[in-house]
Amino acid sequence: MDYQFKEIEQKWQQFWAQNQTFKAEDKSSKPKYYVLDMFPYPSGAGLHVGHPLGYIASDIFARYKRLKGFNVLHPMGYDSFGLPAEQYAIQTGQHPAITTEDNIATYRRQLDQIGFSFDWSREVRTSSPDYYKWTQWIFMQLFNSWYNKDADKAQSIDKLAAHFETKGSAGINAVCDDEILSFTADEWKAFSNQQQQDELLKYRLTYLRESTVNWCPALGTVLANDEVKDGFSERGGYPVEQKKMTQWSMRITAYAERLLQGLDTIDWPEPLKEMQRNWIGKSTGASVKFPIDKSGHNAALDTDFIEVFTTRVDTIFGVTFLVIAPEHELVASLTTAEQKADIEAYIAQTKKKSELDRMADAKTVSGAFTGSYVLNPLNGQQIPIWIADYVLAGYGTGAVMAVPSGDQRDFLFAKHFNLPVVQILDIQNIETEADPTKEGKYINSDFINGLAYKEATAAVVAKLEEISAGKAKVNFRMRDAIFGRQRYWGEPVPVYFKDGLPYLIDESHLPLLLPEIDKYLPTETGEPPLGRAEDWKYEGGLAYELSTMPGWAGSSWYWYRYMDAQNDKEFASHEAIEYWKDVDLYIGGSEHATGHLLYSRFWNKFLKDLDLVVEEEPFKKLINQGMIQGRSNFVYRLIDEEGRGTNTLVSHGLIKQYKTSPIHVDVNIVENEVLNIEKFKQWRPEFADAEFILEGGKYICGVEVEKMSKSKFNVVNPDDIIGRFGADTLRMYEMFLGPLEQSKPWNTNGIEGVFKFLRKFWRLFHNDAWEFGVSDAAPSKAELKSLHKIIKKVEEDIERFSFNTSVSSFMIAVNELTDLKCNNRAILQDMVIILSSYAPHICEELWSLLGNADGTLSYAPFPKFNAEYLVEDEFAYPISINGKMKMNLSISLSLDVKEIEATVLANADVQKYLDGKTPKKLIVVKGRIVNMVV
């Protein structure tokens, strides 16, 4: 029977599901290997051909590792809380859970038909109460913890409270809020419970604080930075403004140094690690307090100074203005009456920009003067205070000392607003731009004049410390992570409020379920959607937290749940975590570098501090798969002399002869750039009567590589490819397109070649009548050589994740075996095992036809490479007569020249070419050529 891929693939997908072929053992004498994919958000559009790229690669590797004798955990689930389902609920009134369930069903069908070897018994969904119970539980552990700098780890908040009880605040070295109290043990005991809880909140790893957030009024929610582009929400394109809100936050900054150092211990792409290093942003410098000049200042100020962090404290005598963030807490009190209108207008303008936009825009110079001044702590010079959007309240102290001679942004600001620029090094050239040099000697710099950089820096820090105006300091650019969203479709925060302070609900009440509400919009008074829930109160009618957790909450620990997915007593048992430990291979996108991948490392380190997990880092090796881009097709509409579109379409090769306008066309009605005109007319009825100007009798479409999207009609559904060519063809073709880490355009033009290869492979096992039949004869040397070449090649390629080159090698091997007319059982059975990771369905069927038990292929031993079969003991000599090559003749390399001559002359085919003549001369170049002259 010819290769019937549809029946074969359906048969084995059903078999794998019914027999749980890929279920991992929780304990095994085999070594463990954990292969993980970044789990998908199940969107309504389903998968397109770009989505499975990483899944196919991880599946090949997981299948290969099973063949190599590993106990492989390869799970899949869904990151199923998210804004799209909520927006659909707002538009239609349909509960997000229903939308999510429908979308998951589509994803599951599509994933199954691609033939992935997932252990579906461990499926997780972040929106399932059985799952988010443990997300809430981990939040509770964070709330009940503080970070002890001396121990360099998180510890129980009870330990901190016990210290306060016996020793007061003395001796505590913690990551905490800036405004903490100093008290004795007796004073602590005299505090009310309300006062004690208020103080402890300043130390907890998850806490409430006023933060500047991306607020989208149209969506009624806070958005993450990656959900905002150019001041508008990515979803819906609504305006986003900067707004101060009281939000839950997490002290990821407590782990900044550990997150930085951990990057040196993991096998991740260097560009991704560099992104995290830059995001963490460690810098060594000094903290400096600039006294506020209160002379003639009418406003009441809660502080006497503005603190800044600088990496160039040596330039302090070059400071000519101070810049604070527009949202800095002192702006209102520092603004004089004369400057109030300018300041308010500038703040309103700033609110329209996201923080990312503000950081990225280095060209625009803008700002406003507050009317107030600070004093240089070292010489008392008066320095004006400005606000500017390039300073962010959440970075450092929200204030910077501006040195125009040494910083280009400060230089442009000073020139724009006519502020002084002071040269501070004798070799600086500041005529046209800032000069950040550290060479030369200091001038115009008081007591460091004549010193070099290192000596000057040390002298300035020493002086600042002497007068209590500053100190040496290590700073991190990373801020604490905002952990709240004003949405419905997310994890409820397990907190209630009493007298304005947050308290955890009792653990026995987990999970705290999402309540039913009438509609999924904020309340009329501006509360989040959960404010609509009737009678949703904690014991005694106390109010719950109305925000829900952000999208990254459930994805920050999910790999542990896969280890023990059905456990209703703990997030995962100690035994399961002790066995699986961490993820050996993680495949996913680099776009998660400073989101999911950073938060996951943070939560993992926290869980390690509590001895709940055994590894400091969650993911040993990470690979970022590239993107499969869309390949758009175009037809070209003829434009008349008045600039109007006509009903005539011109083939691509002829468009230079006409004035035309391109129109995107559905790529699914184009094959090898040839348009199916009848299908096009059905797809675009307005062109049903169009005239088509053809070339060579065909309409040839134009081509352009773009992002795959519905609007460009270049989305290719894997269902369509599988329907035409089968899942095994899709799997191999996606790998064949190019290196895994690189982006590449989707192009169906070459897919038939992969399908023909599989059909050719199938044919090796069948005769001309498509009857299955293999030989039990001993393999020939040529057959063994071909087999062991592919064993070696595939093993090396998979170990270095070079899947595309393996596909090419498979094609060469099958061509060689076809030429050898190989139907040897020993050779072909090993070929089935080697190919099975890439094309599992066809291989399962052939494995069964070879007489093996169904389902055993996935755990068969990978063939062992034998280098002896690649040792060349024969050479195919080109035989030439009178300089013309007639044939190749395989002769043992062990023969000497005389023996080679004798072997050649004794060959019947050679004698035919000689036609009874005796060569006048016979030239043998050993291992190269035989030439005869007659």
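The rules behind these values
- Residues numbered from 1 in each chain as written.
- Predicted model: local features only at pLDDT ≥ 70, side-chain atom pairs only at ≥ 80, totals over all residues.
- Heavy atoms only, no water.
- Helix = DSSP H or I, 4+ residues; strand = E, 2+ residues; numbered from the N terminus.
- Buried < 20%, exposed > 50% of the residue type's maximum accessible area, 1.4 Å probe, protein only.
- Contact = heavy atoms within 4.5 Å.
- Areas by Shrake-Rupley, 256 points an atom, 1.4 Å probe, with all protein chains shown as cover.
- Lys, Arg positive; Asp, Glu negative; His and termini not counted.
- Charge placed at Lys NZ, Arg CZ, Asp CG, Glu CD.
- Salt bridge = Lys/Arg side-chain N within 4 Å of Asp/Glu carboxyl O.
- Patch = residues over 30% accessible without salt bridge, like charges linked within 9 Å, V, L, I, M, F, W, Y side chains within 5 Å.
- Arc of directions from axis to C-beta.
- Pairing = 2+ DSSP bridges.
- Axes fitted to C-alpha atoms, helices over the stretch in contact; angles between N-to-C directions.
- Parallel < 35°, antiparallel > 145°, perpendicular 65-115°, else oblique.
- Left-handed = near helix turned anticlockwise from the far one by under 90°.
- Nonpolar A, V, L, I, M, F, W, Y, C, P; charged D, E, K, R; others polar.
- Core = buried A, V, L, I, M, F, W, Y, C linked by side-chain atoms within 4.5 Å.
- Phe/Tyr/Trp six-rings, centres within 6.5 Å; stacked < 30°, edge-to-face > 60°.

**Student:** Account for the overall build of the protein, with residues named and values stated.
**Tutor:** A tally of helices and strands in the protein yields 28 helices and 36 strands. Based on the C-alpha atoms only, the size of the protein along its principal axes is roughly 120 × 70 × 70 Å. By the burial criterion, 52% of the 934 residues in the protein qualify as buried. Counted over contacts in the protein with a minimum sequence separation of 6, partners at least 24 positions apart contribute 72%. Roughly 41300 Å² of accessible area belongs to the protein as shown, and the carbon and sulfur atoms make up 49% of that amount. Within the protein, the 130 negative side-chain charges are centred at a point lying 5 Å from the centre of the 102 positive side-chain charges.

**Student:** Quick rundown of the pattern of salt bridges? Include the residues and the values.
**Tutor:** If you walk through the whole model with that rule in mind, you get 48 salt bridges. The partner of Asp-264 in a salt bridge is Arg-277, and the shortest N-O contact between them spans 3.5 Å. Of the two residues, Asp-264 sits in the loop between helix H9 (256-262) and helix H10 (270-280) while Arg-277 sits in helix H10, which places them 13 residues apart along the sequence. For Asp-264, a relative accessible area of 56% corresponds to the exposed category. Each of Arg-258, Arg-601, Lys-605, Asp-609, Glu-616 and Glu-617 takes part in one network of salt bridges that share partners.

**Student:** An account of a nonpolar patch on the surface is needed here, citing residue identities and associated values.
**Tutor:** Judged by side-chain polarity, Ile-923, Val-925 and Ile-929 come together as a nonpolar surface patch covering roughly 200 Å² of accessible area. Overall, the relative accessible area of 32% leaves Ile-929 in the partly exposed class.

**Student:** Let's hear about helix H12 (residues 340-350): which residues, and what values?
**Tutor:** Every buried residue of H12 is accounted for by Ile-343, Tyr-346 and Thr-350. The arc that holds the buried residues of H12, viewed along the axis, is 65°, so those residues lie on one side. Looking at the buried positions of H12, the neighbouring elements they touch are strand S10 (241-250), helix H11 (331-334), helix H13 (355-360), strand S14 (368-375) and strand S15 (382-387).

**Student:** Go over the pairing of S14 with me, naming the residues and quoting the values.
**Tutor:** Here 5 bridges tie S14 to S15, and the two strands are oriented antiparallel to one another. Along S15, the bridge assignment pairs Leu-375 with Gln-382. What sits between the antiparallel neighbours S14 and S15 is a turn of 6 residues, in which Gly-380 has the positive phi angle 75°.

**Student:** Please provide a residue-by-residue account of the packing of helix H25 (residues 825-835) against helix H26 (residues 840-849), values included.
**Tutor:** In contact at an axis separation of 9 Å, H25 and H26 are set at 150° when each is read in the N-to-C sense. In terms of orientation, H25 lies roughly antiparallel with respect to H26. Pair H25 / H26 crosses with left-handed handedness. Contacts between H25 and H26 pair Gln-829, Val-832, Ile-833 and Leu-835 from the former with Cys-843, Leu-846 and Trp-847 from the latter. Looking at the contact of H25 with H26 residue by residue, the classes come out as 6 nonpolar, 1 polar and no charged.

**Student:** Explain the nonpolar core residue by residue, including any values.
**Tutor:** By size, the foremost hydrophobic cluster in this structure holds 181 residues, and its most contacted members are Met-732, Phe-761 and Tyr-838. The contacts of Met-732, once residues within four sequence positions are left out, are Val-754, Phe-757, Leu-758, Val-807, Phe-810, Leu-835, Tyr-838 and Ala-839. Residues Val-331, Phe-369, Leu-378 and Met-401 belong to the second largest nonpolar core, which totals 48 residues.

**Student:** Any chance you could break down the packing of helix H1 (residues 5-19) against helix H20 (residues 718-725) for me, citing the residues and the numbers?
**Tutor:** For the pair H1 and H20, interaxial distance at closest approach is 8 Å and the crossing angle is 120°. Taken together, the axis directions place H1 and H20 in an arrangement best described as oblique. Contact with H1, carried on its side by Phe-5, Lys-6 and Glu-9, involves Ile-722, Gly-723, Arg-724 and Phe-725 of H20 and no other residues of that element. Its residues assigned to classes, the contact of H1 with H20 comprises 3 nonpolar, 1 polar and 3 charged.

**Student:** So what's going on with the sheet that holds strand S34 (residues 884-892)? Which residues, and what values?
**Tutor:** Strands sit in the order S34-S33-S36-S35 across an open sheet of 4 strands; the sheet is mixed. Looking at strand neighbours, the two that pair on one side only are S34 and strand S35 (921-925), the edges of this open sheet. This sheet shows a mean twist of 20° between the axes of neighbouring strands, independent of strand direction. Here strand S33 (residues 874-881) pairs with strand S36 (residues 929-933) via 3 bridges, running parallel. Note on S36: the bridge partner recorded for Ile-881 is Met-932. In the packing of helix H27 (residues 897-906) onto the sheet, the strands contacted are S33, S34, S35 and S36, and the crossing angle to S35 comes to about 120°.

**Student:** Before we move on, could you go through the sheet that holds S10 and cite the residues and values that matter?
**Tutor:** Strand order in the open sheet made by the 4 strands is S7-S6-S10-S18, with antiparallel pairing throughout. Strands with a single pairing partner mark the edges of an open sheet, and in this sheet they are strand S7 (221-223) and strand S18 (481-482).

**Student:** Could you give an account of a negative patch on the surface, naming the residues involved and the relevant values?
**Tutor:** On the surface, Asp-178, Glu-179, Asp-302 and Glu-329 cluster together to form a negatively charged patch. With respect to the helices, strands and loops of the structure, Asp-178 is situated in the loop between strand S5 (174-175) and helix H7 (185-190).

**Student:** Residues and numbers for unusual backbone geometry, please.
**Tutor:** Cis geometry marks the peptide bond from Leu-510 to Pro-511; its omega dihedral reads -5°. Structurally, the position occupied by Pro-511 is in the loop between strand S20 (501-504) and strand S21 (537-538). Even without glycine at this site, Asp-446 takes up a positive phi of about 55°. For Asp-446, a relative accessible area of 46% puts it in the partly exposed group. Its identity as a non-glycine residue notwithstanding, Glu-673 has a phi of 70°, on the positive side. Along the chain, Glu-673 turns up in the loop between strand S28 (670-671) and strand S29 (674-675).

**Student:** How would you summarise the side chain of Gln-339 if you had to cite specific residues and measurements?
**Tutor:** Relative to the helices and strands, Gln-339 resides in the loop between H11 and H12. Dropping the residues within four chain positions of it, Gln-339 is found in contact with Phe-369, Thr-370 and Gly-371.

**Student:** For the packing of aromatic side chains, give the residues involved together with the corresponding values.
**Tutor:** Taken as a whole, this structure holds 71 aromatic pairs when the rule is applied. An angle of 80° between the planes, with centres 5.4 Å apart, marks the rings of Tyr-64 and Phe-862 as edge-to-face. Within this pair, whereas Tyr-64 is found in helix H2 (residues 53-67), its partner Phe-862 is found in the loop between H26 and S33, the two being separated by 798 residues in sequence. Relative to Tyr-544, the ring of Trp-536 has its centre 4.5 Å away and its plane inclined at 40°; by these criteria the two rings are tilted.

**Student:** Explain helix H21 (residues 727-736) residue by residue, including any values.
**Tutor:** Burial within H21 is extensive, with 9 of its 10 residues counted as buried. In the segment just after H21, Gly-738 is the residue with positive phi, at about 155°.

**Student:** Please provide a residue-by-residue account of a positive patch on the surface, values included.
**Tutor:** Taken together, the side chains of Lys-149, Lys-289, Lys-471 and Lys-473 make up a positively charged region of the molecular surface. For Lys-471, the location among the structural elements is in strand S17 (residues 470-476).

**Student:** How would you explain the environment of Gln-682 if you had to name every residue and give the values?
**Tutor:** Position of Gln-682 among the secondary structure elements: in helix H19 (residues 677-683). Taking the C-alpha atoms as reference, Gln-682 lies 48 Å from Ile-790; in sequence the two are 108 residues apart.

**Student:** Lay out the environment of Leu-378 with the relevant residues and their values.
**Tutor:** Secondary-structure assignment places Leu-378 in the loop between S14 and S15. A sequence separation of 82 residues divides Leu-378 from Val-460, and the C-alpha atoms of the two residues are 8.7 Å apart. Once you skip the residues sitting within four places of it in the chain, Leu-378 turns out to touch Ile-316, Phe-317, Phe-447, Val-460, Lys-463, Leu-464 and Ile-467.

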